[in-house]
Amino acid sequence: MGASEIVEQYEQTWKNKDSAGMVACYAPGGTYNAPGADHLTGAAIGEFAEMFMTAFPDYVYTWKVVAASADAVAADWVFESGPMKGELMGIAPTGGSSVVRGAHTIRLAGDKIASVEAYWDNQSFLTDLGVKLG
């Protein structure tokens with residue numbers, strides 16, 4: 001399986017709201033790093049994803065691979081949240097929604113993911129949801 005196919009499988013787990021399948025995409029010791037998630041490994045990756053899946057049960061997730069080599073892939077993505085219906089990182093549901101663009105930089109270890117670095121504007125995302133910051 002090539003790098004783009006491995007990443008396609010991983011990104012599908014976000015689209016399909018499959019946190020268990022997501023964890024299975026990672027190599028042992030593989031990490032996920034993002035706003036609110038500091039180098040998570042193993043089941044913690046699925047728990048973090050599940051938090052978003054529960055808070056935004058109606059979300060729509062799309063992505064596009066923009067660059068790939070044998071052991072790394074960059075993907076742009078858009079997360080359209082739908083209304084916030086569950087708690088997110090200790091924040092009570094606001095009913096607000098957001099559309100946020102982000103990127104994944106994914107490094108591979110064989111046919112598994114070694115690391116994902118996820119980037120998005122978390123401040124704008126939370127502001128759109130109606131969260132009072134500062």
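Colleague: Break down the overall build of the protein chain for me, citing the residues and quoting the values.
Modeller: On a plain count of helices and strands, the protein chain comes out with four helices and six strands. Counted from the first residue to the last, the protein chain has its helices and strands arranged as α-α-β-β-α-β-β-β-β-α. Against the 2.2 N^0.38 benchmark of 14 Å for 134 residues, the protein chain shows a C-alpha radius of gyration of 14 Å, consistent with a compact globule. Projected onto the principal axes, the alpha-carbon positions of the protein chain cover approximately 40 × 25 × 25 Å. Burial analysis of the protein chain (134 residues in total) assigns 43% to the buried set. Of all intrachain contacts in the protein chain linking residues separated by at least 6 positions in sequence, the fraction that spans at least 24 positions is 54%. Surface summary for the protein chain: the accessible area is close to 6500 Å², and the carbon and sulfur share equals 52%. Each charge class in the protein chain can be summarised by its mean position, and for the 8 positive and 16 negative side chains these summaries are 5 Å apart.

Colleague: Report on the pairing of strand S3 (residues 60-68), specifying residues and quantitative values.
Modeller: When S3 meets strand S4 (residues 72-80), the two strands line up antiparallel, connected through eight bridges. Counted as the bridge partner of Lys64 is Asp76 from S4. In this antiparallel pair of consecutive strands, S3 and S4, the connection spans three residues.

Colleague: Give me the pairing of strand S2 (residues 37-41): which residues, what numbers.
Modeller: Where strand S1 (residues 26-34) meets S2, three bridges bridge the pair, whose relative direction is antiparallel. Pairing of Ala34 across the sheet is with Ala37, part of S2. Counting the residues between successive antiparallel strands, the hairpin from S1 to S2 contains two residues, one of them, Gly36, with a positive phi of roughly 85°.

Colleague: Can you lay out the sheet that holds S4 for me, pointing to particular residues and giving the numbers?
Modeller: Across the sheet, six strands lie side by side as S2-S1-S6-S5-S4-S3; this open sheet has mixed pairing. Of all strands in the sheet, those bounded by a partner on one side alone are S2 and S3. Pairs of neighbouring strands in the sheet enclose a mean axial angle of 20°, with direction left out of account. Relative to the sheet, helix H1 (residues 3-15) contacts S1, S3, S4, strand S5 (99-109) and strand S6 (112-120), its axis offset from that of S3 by approximately 165°.

Colleague: Mind laying out the pattern of salt bridges, listing which residues take part and the relevant values?
Modeller: Going through the model one piece at a time under the given rule, you end up with one salt bridge. In this structure, Asp58 engages Lys85 in a salt bridge whose closest nitrogen and oxygen atoms are separated by 2.7 Å. Pair noted here: Asp58 is in the loop between helix H3 (43-55) and S3 and Lys85 is in the loop between S4 and S5, with a separation of 27 residues, a long-range link.

Colleague: Can you lay out the environment of His104 for me, pointing to particular residues and giving the numbers?
Modeller: As for its position among the elements, His104 is in strand S5. Since its relative accessible area comes to 2%, His104 is described here as buried. Between the alpha carbons of His104 and Glu11 there is a distance of 9.6 Å; along the sequence they are 93 residues apart. Among residues more than four places away in sequence, those in contact with His104 are Tyr10, Glu11, Trp14, Tyr32, Tyr61, Val73, Ala74, Ala75, Trp77, Val116, Glu117 and Ala118. Engagement of the side chain of His104 in a polar contact is seen with the side chain of Glu11, the distance being 2.9 Å.

Cut-offs and rules
Residues numbered from 1 in each chain as written. Predicted model: local features only at pLDDT ≥ 70, side-chain atom pairs only at ≥ 80, totals over all residues. Heavy atoms only, no water. Helix = DSSP H or I, 4+ residues; strand = E, 2+ residues; numbered from the N terminus. Rg over C-alpha atoms; globule rule 2.2 N^0.38 Å. Buried < 20%, exposed > 50% of the residue type's maximum accessible area, 1.4 Å probe, protein only. Contact = heavy atoms within 4.5 Å. Areas by Shrake-Rupley, 256 points an atom, 1.4 Å probe, with all protein chains shown as cover. Lys, Arg positive; Asp, Glu negative; His and termini not counted. Charge placed at Lys NZ, Arg CZ, Asp CG, Glu CD. Pairing = 2+ DSSP bridges. Axes fitted to C-alpha atoms, helices over the stretch in contact; angles between N-to-C directions. Salt bridge = Lys/Arg side-chain N within 4 Å of Asp/Glu carboxyl O. Polar contact = N/O pair within 3.5 Å; in protein donor to acceptor, adjacent residues only side chain to side chain.

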